[in-house]
Amino acid sequence: MELIKVNPQAAPQIALIELNRPKELNALNPQLMQEVRDALQELDRNDQVRVIIITGNEQAFAAGADIKQMADKSAIDMLLLDQFSTWDQIRKTKKPIIAAVSGFALGGGCEFAMTCDMIIASETAKFGQPEIKIGTIPGAGGTQRLTKAIGKAKAMELILTGRFLSAQEAHFYGLVNKVVPVEFYLTEAIALAKEIASMSPVAVQLAKEAVNRSFETLLDEGLMFERKNFYLTFASQDQKEGMQAFIEKRKPSFLGR
Ligand code: HXC
């Protein structure tokens, strides 16, 4: 891995992926996204990992797709590059992913954070889709995910003007889970990850799948999907253990089966 750093045990059962192109403010290029995809696939298979955190550095989560690499491409170059199949594979990660964002999360960087399941932001975080300022539009889900996350009026404003949202505004509009001082954004993400890691991984996976389904289906189909995953948890030892532990007034011990 050249453009990211991976620590599969940043804390017990918590993996950390750090984007590592600091000089370019972690601008995302196809190689970086392929490395992220490969790391996620490996971590998804690693039984020792229950939750994954993706972060950048204090200055930038990611300032967007690499403009220098895209500038002279034709539409057909972009089509044949087919970079979004990598993003589609990232979206299929089964374990929960928390984005720990400090500094810039712009363009593809904002889209990447939104591709994750939750966002913990430092007070310095800035979110935006400034593609309009360079004559293009979001291409990795920004028009869809931002609109679903913060509503049409604000998403339209950000996407048509390229304005940034501060961390506090992003929190107000429901784009991020929590805003903390810059020195704590990673610790806070790890705390959230640990809480999730203490749950049944089977139930966590089925719950993640069901929540994500709500973006893709009408209510009726989504409810059916949720119901099937709910029934499926009753095939796990973790459900028996969780409910028995409640009845016996003790802490459950989840094995992920
Ligand atoms: C390539 C980038 C970059 C980017 C920053 N850099 N963003 N290089 N692609 N997206 C490089 C700069 O060229 C510079 O390198 C170095 O990082 C530091 O950036 P500065 O501009 O000097 O820093 P600063 O003045 O602090 O401004 C920060 C900034 C600005 C506001 C984030 O860099 C900026 O506006 N960046 C572009 C943001 C953007 O438009 N993102 C959307 C991209 S399109 P040098 O070598 O010159 O010092 C997109 C489409 C997504 O994301 C499609 C799906 C993948």
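Details of the structure are given in the entry above.
Just so it is clear, the model here is predicted, and its values are computed rather than measured.

A.B. asks: What should I look at first to understand the sheet that holds strand 10 (residues 178–180) in this one?
C.D. replies: Pairing between sheet strands relies on hydrogen bonds along the backbone, with the strands arranged either parallel or antiparallel. Pairing is mixed in the open sheet, where 6 strands are placed in the order 1-2-3-5-7-10. At either margin of the open sheet sits one strand with a lone partner, and together these are strand 1 (4–11) and strand 10. Strand-to-strand twist across the sheet, computed as the mean angle between neighbouring axes with direction ignored, equals 20°. In this sheet, strand 3 (residues 51–55) lies alongside strand 2 (residues 14–19) in parallel orientation, the contact comprising 5 bridges. Of the residues in strand 3, the one forming a bridge with Leu16 is Ile53. Packed onto the sheet, helix 1 (residues 30–45) meets strand 1, strand 2, strand 3 and strand 5 (97–101) and runs at close to 25° relative to strand 1. Contacts from helix 9 (residues 185–197) reach strand 1, strand 2, strand 3, strand 5, strand 7 (118–122) and strand 10 within the one sheet, and its direction differs from that of strand 3 by about 165°.

A.B. asks: I tried to follow a nonpolar patch on the surface on my own but got confused; where do I start?
C.D. replies: The grouping of Ile132, Ile137, Met156 and Leu160 at the surface amounts to a nonpolar patch, some 370 Å² of accessible area in total. By secondary structure assignment, the location of Ile137 is in the loop between strand 8 (126–128) and helix 6 (142–150). Using a relative accessible area of 54% as the deciding quantity, one classes Ile137 as exposed.

A.B. asks: Mind showing me how you'd approach the layout of surface pockets here?
C.D. replies: A water-sized probe rolled over the atoms picks out the places where empty space is left. As a volume, the largest pocket reaches approximately 1100 Å³. Contributions of two or more residues to the lining of the largest pocket are made by helix 4 (84–91), helix 5 (108–115), strand 7, helix 6 and helix 10 (201–213). Here the element with the most residues in the lining of the largest pocket is helix 10; it accounts for 9 residues. Looking at the lining of the largest pocket residue by residue, the class counts come to 17 nonpolar, 8 polar and 10 charged. Of the voids in this model, the second largest pocket is the one considered here, and its volume is about 660 Å³. Lining the second largest pocket are 28 residues; nearest its centre among them are Ala65, Ile67, Met70, Ile134 and Thr136. Looking at the lining of the second largest pocket, the elements with two or more residues in it are helix 2 (67–70), helix 4 and helix 5. In terms of residues, the lining of the second largest pocket owes the most to one element, helix 2, which gives 3 residues. Classifying every residue of the lining of the second largest pocket by side-chain character gives 16 nonpolar, 6 polar and 6 charged.

A.B. asks: Could you clarify how one ought to interpret the site of the ligand in this entry?
C.D. replies: Near the ligand you find 23 residues, and of these Ala63, Ala65, Ile67, Lys68 and Gly108 are the closest. With respect to the ligand, the backbone of Ala63 contributes an N or O atom lying 3.0 Å from a nitrogen atom. Interatomic distance of 2.8 Å between a backbone N/O atom of Gly108 and an oxygen atom of the ligand. Isolated, the ligand exposes 1000 Å² of accessible area, and the fraction of that covered by the protein chains is 64%. Counting only elements with at least two residues in the shell around the ligand, the list comes to helix 2, helix 4, strand 6 (104–106) and helix 5. Its residues placed into classes, the shell around the ligand shows 13 nonpolar, 4 polar and 6 charged.

A.B. asks: What's the story with the sheet that holds strand 8 in this structure? I'm lost.
C.D. replies: Spatially, 4-6-8-9 is the arrangement adopted by the 4 strands of the open sheet, whose pairing is mixed. Edge strands, defined here as strands with exactly one partner in the open sheet, are strand 4 (60–62) and strand 9 (164–166). Averaged over all adjacent pairs, the angle separating strand axes in this sheet is 20°, with direction ignored.

A.B. asks: Would you mind going over the pattern of salt bridges with me for this structure?
C.D. replies: In a structure, side chains of opposite charge can pair up when their charged atoms sit close to one another. Counting across every chain of the model gives 11 salt bridges. With its nearest N and O atoms 2.8 Å apart, the salt bridge here joins Glu157 to Arg163. For Arg163, a relative accessible area of 47% translates into the label partly exposed. The salt bridge involving Glu248 is made with Arg250; its shortest N-O contact spans 2.7 Å. Residues joined by salt bridges that share partners form a network here, namely Arg21, Glu24 and Asp66.

Rules of the game
Here, residues in each chain are numbered from 1, in the same order as that chain's written sequence. Residues qualify for local features only when their pLDDT is at least 70, as the model is predicted, and side-chain atom pairs are given and counted only at 80 or more; totals for whole chains, interfaces and linings, by contrast, use all residues. Side-chain numbers here rest on the full set of heavy atoms in the structure, without hydrogens or water. Two strands are counted as paired when DSSP detects at least two bridges linking them. Runs of E in the DSSP output that reach at least two residues are strands. Runs of H or I that reach at least four are helices, and both are numbered from the N terminus. Fitted lines through C-alpha atoms serve as axes, helices being fitted only where they are in contact, and the angles separating the N-to-C directions of these axes extend from 0 to 180 degrees. Here a residue-residue contact requires only that any non-hydrogen atoms of the pair lie within 4.5 Å. Without a salt bridge and with relative accessible area above 30%, a residue can belong to a patch; like charges are then joined within 9 Å and nonpolar side chains (Val, Leu, Ile, Met, Phe, Trp, Tyr) within 5 Å. Using a 1.4 Å probe, accessible areas were evaluated by the Shrake-Rupley method; residue-level cover was limited to the displayed protein chains. Salt bridge criterion: a side-chain nitrogen from Lys or Arg within 4 Å of a carboxyl oxygen from Asp or Glu. Partly exposed describes any residue whose relative accessible area lies between the buried limit of under 20% and the exposed limit of over 50%, with all areas from a 1.4 Å probe on protein chains only and scaled to the type maximum. Only protein atoms enter the 1 Å grid used here, on which a cavity is any set of points holding a 1.4 Å probe that cannot leave and a pocket is any open set flanked by protein within 12 Å on both sides along at least five of seven lines; residues with an atom within 4 Å of a point are listed as lining. Grid points are joined across faces, edges and corners, and a volume is the space filled by probe spheres set on the points. When residue character is reported, Ala, Val, Leu, Ile, Met, Phe, Trp, Tyr, Cys and Pro are called nonpolar, Asp, Glu, Lys and Arg charged, and the others, Gly included, polar. We call a residue near a given molecule or strand whenever any one of its heavy atoms falls within 4 Å of it. For the purposes of these results, a polar contact is taken to be a pair of N or O atoms within 3.5 Å, where, inside protein, one atom must be able to donate a hydrogen and its partner to accept one; residues adjacent in sequence count only when each atom of the pair is a side-chain atom.

Interpretation in functional terms is not warranted from these geometric data alone.
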